[in-house]
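Below are the chains, spelled out letter by letter.
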Amino acid sequence: MKPLCRLPWHGLFLSPDGRQLPCCTFKSQSYGEINSQQILKSVQIDFLNNKIPSGCKSCLAKEKRLGRSLRTQFDQHLIMQRQTHPKNYQFLDDFKYTESSPYLLQIDISDSTNCNLKCRFCGSHASNQWENDQNELAETHPKLFKKSTKNLFAKMTTSEVLSLIEQNPNLYHFQFRGGEPFLNPKLKPILQRLIELDRQDQCIIDITTNGTWVPQWFFDIIPLFSWVNINISLEGTGQTYQYLRGGKFDLERDIKPNLQKLFELKNGFFCFHVLLSAFNIFEIIPTYEWIQSLKLQKNFKWQLGLVQAPKALSLYNLPLQFRQQAANLIPTGEDPILDQARALLLVQGTGNLHDFFEYVQALDQKQGGDFLVTFPYFKDLLESFNQSSDLNGKEEPPSAPLTASFPNR
Ligand code: SF4
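Calculation rules
- Residues numbered from 1 in each chain as written.
- Predicted model: local features only at pLDDT ≥ 70, side-chain atom pairs only at ≥ 80, totals over all residues.
- Heavy atoms only, no water.
- Helix = DSSP H or I, 4+ residues; strand = E, 2+ residues; numbered from the N terminus.
- Expected span 1.5 Å × (residues − 1).
- Buried < 20%, exposed > 50% of the residue type's maximum accessible area, 1.4 Å probe, protein only.
- Polar contact = N/O pair within 3.5 Å; in protein donor to acceptor, adjacent residues only side chain to side chain.
- 1 Å grid on protein atoms, 1.4 Å probe; cavity = no way out; pocket = protein on both sides within 12 Å on 5 of 7 lines; lining within 4 Å.
- Points joined across faces, edges and corners; volume = space filled by probe spheres on them.
- Nonpolar A, V, L, I, M, F, W, Y, C, P; charged D, E, K, R; others polar.
- Contact = heavy atoms within 4.5 Å.
- Salt bridge = Lys/Arg side-chain N within 4 Å of Asp/Glu carboxyl O.
- Core = buried A, V, L, I, M, F, W, Y, C linked by side-chain atoms within 4.5 Å.
- Axes fitted to C-alpha atoms, helices over the stretch in contact; angles between N-to-C directions.
- Parallel < 35°, antiparallel > 145°, perpendicular 65-115°, else oblique.
- Left-handed = near helix turned anticlockwise from the far one by under 90°.
- Near = heavy atom within 4 Å.
- Sits in = over half its atoms within 2 Å of the grid points.

1. Structural notes on helix H11 (residues 251–263)
Alright, step 1. Counted at 1.5 Å a residue, the expected span for H11 with its 13 residues is 18 Å, but the 16 Å between its end C-alpha atoms falls short.
Alright, step 2. Buried residues of H11: Leu251, Asp254, Ile255, Lys256, Asn258, Leu259, Leu262 and Phe263, and no others.
Alright, step 3. If you check the start of H11, you find a side-chain oxygen 2.9 Å away from the backbone N of Glu252, and it comes from Asp250.

2. What about the layout of surface pockets?
Alright, step 1. By volume, the second largest pocket is sized at about 300 Å³.
Alright, step 2. Together, 14 residues line the second largest pocket, and Leu12, Gln20, Gln37, Leu40 and Pro102 are the ones closest to its centre.
Alright, step 3. With five residues, helix H2 (residues 36–48) is the largest single contributor of residues to the lining of the second largest pocket.
Alright, step 4. Counted by class, the lining of the second largest pocket contains six nonpolar, seven polar and one charged residues.

3. A short note on the side chain of Gln134
Alright, step 1. Within the secondary structure, Gln134 sits in helix H6 (residues 131–140).
Alright, step 2. Among the polar contacts made by the side chain of Gln134, one reaches the main-chain amide nitrogen of Ser124 at a distance of 2.9 Å.
Alright, step 3. Look past the residues within four positions of Gln134 in its chain and what remains in contact with it is Gly123, Ser124, Phe145, Lys146, Lys147 and Ser148.

4. Thoughts on empty space enclosed by the protein
Alright, step 1. Evaluated as defined, the whole model comprises two cavities of 30 Å³ or more.
Alright, step 2. Size it by volume and the largest cavity reaches roughly 120 Å³.
Alright, step 3. Of all the secondary-structure elements, those providing two or more residues to the lining of the largest cavity are helix H1 (7–10), helix H3 (57–66) and helix H4 (70–84).
Alright, step 4. Volume-wise, the second largest cavity comes out at about 60 Å³.

5. Notes on the environment of Gly55
Alright, step 1. As for its position among the elements, Gly55 is in the loop between H2 and H3.
Alright, step 2. Gly55 sits in the buried class, given a relative accessible area of 0%.
Alright, step 3. Considered as a pair, Gly55 and Phe26 are 29 residues apart in the sequence and their alpha carbons are 5.2 Å apart.
Alright, step 4. When residues no more than four places from it in sequence are discounted, the contact partners of Gly55 are Thr25, Phe26, Lys27, Ser30 and Tyr31.

6. Observations concerning the pattern of salt bridges
Alright, step 1. Evaluation of the coordinates by the stated rule reveals 18 salt bridges.
Alright, step 2. Two residues, Asp108 and Arg177, come together in a salt bridge whose shortest N-O distance is 2.2 Å. Note that Asp108 is positioned in strand S3 (residues 106–109) and Arg177 in the loop between strand S4 (173–176) and helix H8 (187–196), a separation of 69 residues in sequence.
Alright, step 3. Here Asp108 falls in the buried class, since its relative accessible area comes to 2%.
Alright, step 4. Exposure remark for Arg177: the relative accessible area of 25% places this residue in the partly exposed category.
Alright, step 5. Of the charged contacts, one joins Asp111 and Lys186 as a salt bridge, the two residues approaching to 2.6 Å between their closest N and O atoms. Within this pair, whereas Asp111 is found in the loop between S3 and H6, its partner Lys186 is found in the loop between S4 and H8, the two being separated by 75 residues in sequence. Comparing Asp111 with Lys186 shows no difference in burial state: the two are buried.
Alright, step 6. In this structure, a network of salt bridges that share partners links the residues Arg6, Glu63, Arg71 and Asp75.

7. Regarding the nonpolar core
Alright, step 1. Counting residues in each nonpolar core, the largest one holds 100 residues, and the members touching the most others are Phe174, Ile205, Phe218, Phe272, Trp302, Phe356 and Phe378.
Alright, step 2. Among the elements that line this core, the one with the most residues is helix H15 (residues 353–367), at seven residues.
Alright, step 3. Beyond its immediate stretch of four places on either side in the chain, Phe218 contacts Phe182, Leu191, Ile207, Pro223, Val228, Ile230, Leu262 and Leu265.
Alright, step 4. Leu7, Cys23, Val43 and Tyr172 belong to the second-largest nonpolar core, a separate cluster that totals 24 residues.

8. Re the packing of H6 against H15
Packed helix pairs are specified by the crossing angle of their axes together with the interaxial distance, meaning the distance between the axes.
Alright, step 1. Axis separation between H6 and H15 bottoms out at 11 Å; the angle between their running directions is 125°. By the angle class used here, H6 and H15 are oblique. H6 and H15 meet at a crossing whose hand is right-handed. Where H6 abuts H15, its residues Asp133, Glu136 and Leu137 lie against Ala362, Leu363, Lys366 and Gln367.
Alright, step 2. The class makeup of the residues in the contact of H6 with H15 is three nonpolar, one polar and three charged.

9. Focus: the packing of helix H12 (residues 284–293) against helix H14 (residues 336–345)
Alright, step 1. One way to put it is that H12 packs onto H14 with a least axis distance of 11 Å and a crossing angle of 165°. When the axis of H12 is compared with that of H14, the two are roughly antiparallel. Regarding H12 and H14, the two cross each other, and that crossing is right-handed. Between H12 and H14, the residues in contact are Ile284, Ile285 and Tyr288 and Leu338, Ala341 and Leu345, respectively.
Alright, step 2. Residues of the contact of H12 with H14, tallied by class, amount to six nonpolar, no polar and no charged.

10. Re the site of the ligand
Alright, step 1. In the vicinity of the ligand, the contacting residues are Cys5, Leu7, Pro22, Cys23, Thr25, Phe26, Phe47, Cys56, Cys59, Leu70 and Arg71.
Alright, step 2. Among the detected pockets, the ligand sits in the largest cavity.
Alright, step 3. Looking at side-chain class alone, the shell around the ligand contains nine nonpolar, one polar and one charged residues.

What follows is the structure, given as structure tokens:
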């Protein structure tokens, strides 16, 4: 019998806290301090007994809402792999799903928090650049910032991952996220070992990068692989890029040349991942136009993500009326992802505007930069928010009509 989700048998996620989990969307908090093997066992047992493991509830809730999830995505991947590499994946037809150690097909190596950026919507869970700031902000703003957690579990070493690759001959999908994968010391030895094992033809290499640095050795060996997905994280252009992400890096001067070199990869498939937060709701069109300006001929797409954590940066903390203004700037029917952005902006409900402004101001004090200089169209909203808060002595969303004070674009 095929279990509802096959990832606990075929997938492995090396998480930044050192745990090994079935996948990246699996919520391990509810499992306390039990070790990875015990978690995996209990998840397999749950699925074999048609029970939903507690760590999978949010994933399957998302699937109910959106009709897709990592579970459905993985199932589609296996069907595609079975069709394109029948010799290697025929075994799936009668694979026995029992309480057993994984028969790995995909691995997500996200255990490194090495990064060269300190993006405003990120944290020490993904970037080691954030650690000091996060711990200091947790002292001054404990409601908004949590102390950075030390690794609870020993991380897999590079040689342990290399032996795992040798023990699992059908392991074909390698995801590298983080931190910044090109700063992950495991990336190069893993790619080299796959070539030494002559497995480059059946492998899909999946890298999510900030595009600030791509080592020359990568361009020397990656063309040997049959398929490489390059996911590029981008939340805005120009000053917005610098304020949200770049710091000393400039999108045109530093990132674009690296991307153009990556675009020359014949086996490359490119995806721009635009993370929407309360910061960049008015940056969707400039970002879309910048991606279009790259004039990529083939093999590229763009997609949206929503900041879930920190909650203070959720775009749903902004009043609907204000989000409406951003939605009005987006033409309908021009691009399915633009239509999706409009729909996301128009979701009913308003969260906590106070937390957003407090978070932004705390970051400006700690990390420099001036929010209103970068995003002048928030001026009216902030003023009317401060006025309504002062008036009532408590934080109230502004009652006055909101007009995003736009500089001419
Ligand atoms: S159901 Fe979702 S969270 Fe659970 S293992 Fe499968 S993909 Fe991961």
